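Structural overview for review
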Amino acid sequence: MDKCQFCGKPAVVHMTQIVNNKTTVIHMCSECAAKHGLFGKEGLPFALLSNLGEALFSGIKKGSTVNGLICSKCGCTPMAFKETGRLGCPHCYEDLKPLVDGIVESSQKGPVHRGKVPKNRTRVEIEKILTTEPTDDGASRPEKSRKSKKSGTHKSKIEELRAMLDEAIKMEHYEEAARLRDEIAELKKTKEVGE
Amino acid sequence: MNNFVKKLFQDSNLRRETIPVVVSSRVRLARNLVDSRFVKYACKRNLREVANKCESVLLKCPAIKNGSVLNMDDLSEYERMSLVERHLCSQEFIVENNESRLLLTDDHVISVMINEEDHLRIQVFGFDLNFRAMFDKISEIDDHVSDHLDIAFDERYGFLTSCPTNIGTGMRASVMLHLPALVVTKQINNLVLTAQKLGFAVRGLFGEGSEARGNFFQISNQQTLGLSEVDILSRLTQIIKSIIDYELNSREVVKKEKIVWLYDNIGRALGILRGCYSISSADAINCISLMMLAADFEYLPSGLRDDLNQIMMKIQSSHVQVLAHKALNSNERDFKRAEILREFFATVPNLKFT
């Protein structure tokens, strides 16, 4: 008989959780299971929570350089993330980008937000930010945080939209594809006018 | 007893429309303030400021009617746990207690966890698959919040959250399903694997050696970035509908091929619930699961489904202690649980096998 992972008593509850194709099994006695909430609880049990950072970390492709990164605002590092499974502040998404991208690649559906935008920041406004402000390093980085509203060039935006268009066609999301096609055309027009 | 918790238990007599297989559903949004550290890395003072700011904005939200804010420090341990058992907040929320506050509406349909893992976790609950209505409601609250607070958002990553597994929409939608026939016919493992491959997480409790234990499974979306909210919800609805069909078909198979087993187990379970003097929550849940099946098959009035949902909640460890008005050890809980069950099932009519 398996033993409870928390207190060593005979385990009667066996919980299996699969995250990113990784299976974790937890054995608990009835008292510890009750203490950890039977099934009303949201999210992961604590035994799994501590492993979440590690699980996500292990999903990052080998060879990506995340060591040495540090958030200039809160001091969070990839090691701190590995331990806690949590980032330190919104700015981490900028300063720890390689780490975030590695996790996004292994755990998310796509690389770009497709959903709701805060009401006070409509898509139009975002497009405006993306298309009017030049980047300081010339690289295509439309993914700046809200605080620093700097962003990508026309070219990078169009490239990004094209990649999204390809993906939409691949996924057979034709309505979305049509919208992106129009958006690219519109952007090209603005570019020409601008030049 | 805390007045708020007391009220919560009185209000649990609210009637709800229920459908077979679906126990409950939920949509949750994670949001953070742009200028503050995420909860895990913030100091108490900072968290208090965040909590004060969020609380005052939320209380003025027109979509939140009759909301009250509960300070976790004011509750006993088992009172706090009873909120978790009711799905109103998470375990992490009550254990970590980072200046945590819970906003809850009188009808228990909306809850907002302030300073859980993210500064704001807005939740809307339902008892069917009407995600559209749930999303409209939550979106209204979200709009109000982003109108009055500077929310961390990025063009590429969407809403920024403490854990990158929640970025993008910051939305998780989940449904708790009752799937006894898929468990009995041993098809559940396949289903879990298939759902997982499609990008959905399946959580459930499996008890050793007992086929009927752990018939409750929570299905939720795993991915939050790269899909719109509407896409996520329609995909989830689609898979849930297929699972419901799968379960209902399997129930017909069970009825056809295992009718004696079915009648025997349902009959014995009702006997236990009416006559027990000490019962563990796992055993009680097994028996109640069979009563839910009986209500779905109309061996019991189908109107009982909602009562069965409620009684299942009431027999969980912390609820038992709230009802007893004191902390109880494991044996005392089993005894009190049996008392609650005997009292309720004495009022349930006899089974009518058709």
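Preceding this paragraph is the structure being described.
Residues numbered from 1 in each chain as written. Chains lettered and ligands numbered in written order. Predicted model: local features only at pLDDT ≥ 70, side-chain atom pairs only at ≥ 80, totals over all residues.

Side note on the overall build of chain A
When helices and strands are tallied, chain A shows eight helices and two strands. Along the chain direction, N to C, the helices and strands of chain A fall in the order β-β-α-α-α-α-α-α-α-α. Taking all 195 residues of chain A together, the buried fraction comes to 37%. Sequence separation of at least 24 residues holds for 38% of the intrachain contacts in chain A that already meet a minimum separation of 6. (Helix = DSSP H or I, 4+ residues; strand = E, 2+ residues; numbered from the N terminus. Buried ≥ 20, exposed ≤ 12 C-beta atoms within 10 Å, placed from the backbone. Contact = placed C-beta atoms within 7 Å.)

What about the overall build of chain B?
The secondary structure content of chain B amounts to 13 helices and eleven strands. Principal axes of the C-alpha set define a box for chain B whose edges measure 65 × 45 × 35 Å. Looking at the 354 residues of chain B, the share that counts as buried comes to 53%. Contacts in chain B between residues far apart in sequence, at least 24 positions, make up 69% of those at least 6 positions apart.

Some details on the environment of B:Val253
Residues and elements named next belong to chain B. Looking at the element boundaries, Val253 is found in helix H8 (residues 229-257). Its 13 C-beta neighbours within 10 Å are what place Val253 among the partly exposed residues. On a C-alpha basis, the gap between Val253 and Ile94 in space is 43 Å, while along the polypeptide they are 159 residues apart.

A short note on the pairing of strand S1 (residues 22-31) of chain B
Looking along a regular strand, one sees side chains alternate from face to face of the sheet. Residue and element names in this part refer to chain B. Among the ten residues of S1, nine are classified as buried, and the element is accordingly described as predominantly covered. Sheet analysis places S1 next to strand S8 (residues 171-178), joined by seven bridges and oriented antiparallel. Looking at S8, one finds that Leu29 is bridged to Met171. Judged from the seven bridges that link them, S1 and strand S5 (residues 120-126) form a sheet pairing that is antiparallel. Counted as the bridge partner of Arg26 is Phe125 from S5. (Pairing = 2+ DSSP bridges.)

Re helix H7 (residues 188-197) of chain B
Residues and elements named next belong to chain B. Turning to H7, its buried residues number three or more, namely Ile188, Leu191, Val192 and Ala195. In an axial view of H7, the angular spread of the buried residues amounts to 100 degrees, which keeps them on one side of the axis. Across H7 from its buried face, at more than 90 degrees, point the exposed residues Asn189, Asn190, Leu193 and Lys197. At the C-terminal side of H7, Gly199 shows a positive phi close to 95 degrees. (Arc of directions from axis to C-beta.)

Digging into the nonpolar core
Within soluble globular proteins, side chains that are nonpolar tend to cluster in buried spots. Counting 96 residues, the largest nonpolar core has A:Cys76, B:Leu102 and B:Leu177 as the members making the most contacts within it. In this structure A:Cys76 touches A:Cys71, A:Phe81, A:Leu87, A:Gly88, A:Cys92, A:Leu96 and B:Tyr41, once residues within four positions along its chain are discounted. One finds B:Leu273, B:Leu290, B:Val320 and B:Ala338 within the second-largest nonpolar core, a separate group that totals 26 residues. (Core = buried A, V, L, I, M, F, W, Y, C linked by C-beta atoms within 7 Å.)

With respect to the packing of helix H10 (residues 281-296) of chain B against helix H11 (residues 304-314) of chain B
All names here are of chain B. Packing of H10 against H11 brings their axes to within 9 Å, and their N-to-C directions diverge by 170 degrees. With respect to H11, the axis of H10 lies roughly antiparallel. Facing H10, whose interface residues are Ile285, Ile288, Met291, Met292 and Ala295, H11 presents Leu304, Arg305, Leu308, Ile311 and Met312. The class makeup of the residues in the contact of H10 with H11 is nine nonpolar, no polar and one charged. (Axes fitted to C-alpha atoms, helices over the stretch in contact; angles between N-to-C directions. Parallel < 35°, antiparallel > 145°, perpendicular 65-115°, else oblique. Nonpolar A, V, L, I, M, F, W, Y, C, P; charged D, E, K, R; others polar.)

What about H8(B)?
Residues and elements named next belong to chain B. Taking 1.5 Å per residue as the helical rise, H8 with its 29 residues ought to reach 42 Å, and the 42 Å between its terminal C-alpha atoms agrees with that figure. Those residues of H8 that sit buried are Glu229, Ile232, Leu233, Leu236, Ile240, Ile243, Tyr246, Glu247 and Arg251. Next to the buried residues of H8 lie helix H5 (131-148), S8, helix H6 (180-184), H7 and strand S11 (216-221). (Expected span 1.5 Å × (residues − 1).)

Quick notes on unusual backbone geometry
Trans is the prevailing form of peptide bonds, just as negative phi is the prevailing case for residues other than glycine. All names here are of chain B. Phi angles above zero are rare outside glycine, and His108 is one such case at about 60 degrees. Residue Asn115 is not a glycine yet carries a positive backbone phi of 60 degrees. Within the secondary structure, Asn115 is located in the loop between strand S4 (110-114) and S5. Overall, Asn115 belongs to the buried group, with 26 C-beta atoms counted inside 10 Å.

Spatial relationships are all this shows, so hold off on functional conclusions.
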